[in-house]
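# Tertiary structure, described
Each chain, written out:
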Amino acid sequence: MSANVIDGKKVAKLIREQVSEDIQYWVSHGQRAPKLQAVIVGNNPASHTYVKAKTKACGEVGIESDTLILPDTVSETQVIEAIEKLNHNDEVDGILLQLPLPGHLPSWNIIEAIDYRKDVDGFHPMNMGRLAVGQPSFRPCTPAGIMELFNYYSIATKGKHAVIIGASNIVGKPMTLMISREDGAGKATVTLCHQYTKDLTRHTINADILISAAGTPKLITGPMIKEGAVVIDVGINRVADPDNERGYRLVGDCDFESTQEKANWITPVPGGVGPMTVAMLMKNTLLAAKDAIYQSE
Ligand code: BQF
């Protein structure tokens, strides 16, 4: 058997087209275009690449964007001051603080300084907390994008056993909350594995849905998965590749060859979950501009 490949690039494009149409309608009725403000601290090349991809996507759907670049010598107070200025700027709908921050900065203190109504990444404790208790909130883009893929491909999660590898606040924890919620989409039973999990295969072999966000190439191989499983590969790992003009290529956490022989569904890297992350950011920015989540405030 060979698995069905989930085309995240295609679904992401459909979502961006929906957002674009919605914005055209919105603007033709006299509203200003939504605006996303990106903040990068330091010169991590990957961060600059990701923000460029996100602001390019903004341009394509009709979202205005701007990028504030702070030197990696800034203090926590200086970053928080810059964020508070953006909080009070009525022209800014969404604030994107690109992660990771340089090591000396306490990311979660700084994230907490973002006005949760502009927190289009959904990382603020208000949004995380509301997600946890099932209240409307901005949803972190990567797990929200994965839920969209299940919806698009009619992949059932109800009553299934989902095994998630990686307990980060960005992917694993919010994914656990979304896929296990008892109302709406979700309704799966979850096992959350992380770096201290003993005997990973004992868990992965039982997964109807396996979601790997570990950041380890070839962590998942065919013998570790159940026949017919849904395999979602969130890993974005750079491996050296002299044949590639950039000197590296992107690979996921799964050994694609051996997993796709046993899986029913599989996401490729690149072109799987990654493009969905960017598309959901566009969707969240539009929601922020419309005040669609926190209407009563
Ligand atoms: C694709 C990210 C690790 C650390 C910080 C499309 C993206 C990636 C891959 C992308 C990611 C990963 C982002 C593909 C945003 C996803 O075609 O496979 C898009 O832009 N991502 C980020 O902003 O910060 C990260 C991964």
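Scroll up to find the structure this text is about.
To keep things clear, this report deals only with the structure shown in the data block. Predicted, not measured: the structure shown is a model, and the values here were computed from it.

### What to know about the sheet that holds strand β3 (residues 64–70)
- Here three strands make up an open sheet; going across it, the order is β3-β2-β4 and the pairing parallel. With one partner strand each, in any of the chains shown, β3 and β4 (94–97) form the two edges of the open sheet. Strand-to-strand twist in this sheet, taken as the mean axis angle between neighbours without regard to direction, amounts to 20 degrees.
- Summarising the sheet, strand β2 (residues 35–41) and β4 pair through four bridges and their orientation is parallel. Each residue of the ladder has a partner; that of alanine 38, found in β4, is leucine 96.

### Here we look at the sheet that holds strand β8 (residues 230–233)
- Reading across from one edge, β1-β11-β8-β7-β5-β6 is the order of the six strands in this open sheet, with parallel pairing throughout. Of all strands in the sheet, those with a lone pairing partner are β1 (4–5) and β6 (189–193), marking the two edges.
- In this structure, strand β5 (residues 161–165) lies alongside β6, joined through five bridges in parallel fashion. Note on β6: the bridge partner recorded for valine 163 is threonine 191.

### Describing the site of the ligand
- The immediate surroundings of the ligand are formed by Tyr50, Lys54, Gln98, Leu99, Ile236, Pro270, Gly271, Gly274, Pro275 and Val278.
- Between the ligand and lysine 54, the relevant distance is 2.6 Å, taken from an oxygen atom to a side-chain nitrogen or oxygen of the residue.
- Within the backbone of glycine 271, an N or O atom sits 2.9 Å from an oxygen atom of the ligand.
- Across the complex, the protein chains shield 70% of the 520 Å² of accessible surface that the ligand would expose by itself.
- A total of three residues in the shell around the ligand trace back to one element, the largest contributor, which is helix α10 (residues 273–290).
- Within the shell around the ligand, the residues separate by chemical class into six nonpolar, three polar and one charged.

What counts, and at which threshold
Residues numbered from 1 in each chain as written. Predicted model: local features only at pLDDT ≥ 70, side-chain atom pairs only at ≥ 80, totals over all residues. Heavy atoms only, no water. Pairing = 2+ DSSP bridges. Helix = DSSP H or I, 4+ residues; strand = E, 2+ residues; numbered from the N terminus. Axes fitted to C-alpha atoms, helices over the stretch in contact; angles between N-to-C directions. Near = heavy atom within 4 Å. Polar contact = N/O pair within 3.5 Å; in protein donor to acceptor, adjacent residues only side chain to side chain. Areas by Shrake-Rupley, 256 points an atom, 1.4 Å probe, with all protein chains shown as cover. Nonpolar A, V, L, I, M, F, W, Y, C, P; charged D, E, K, R; others polar.

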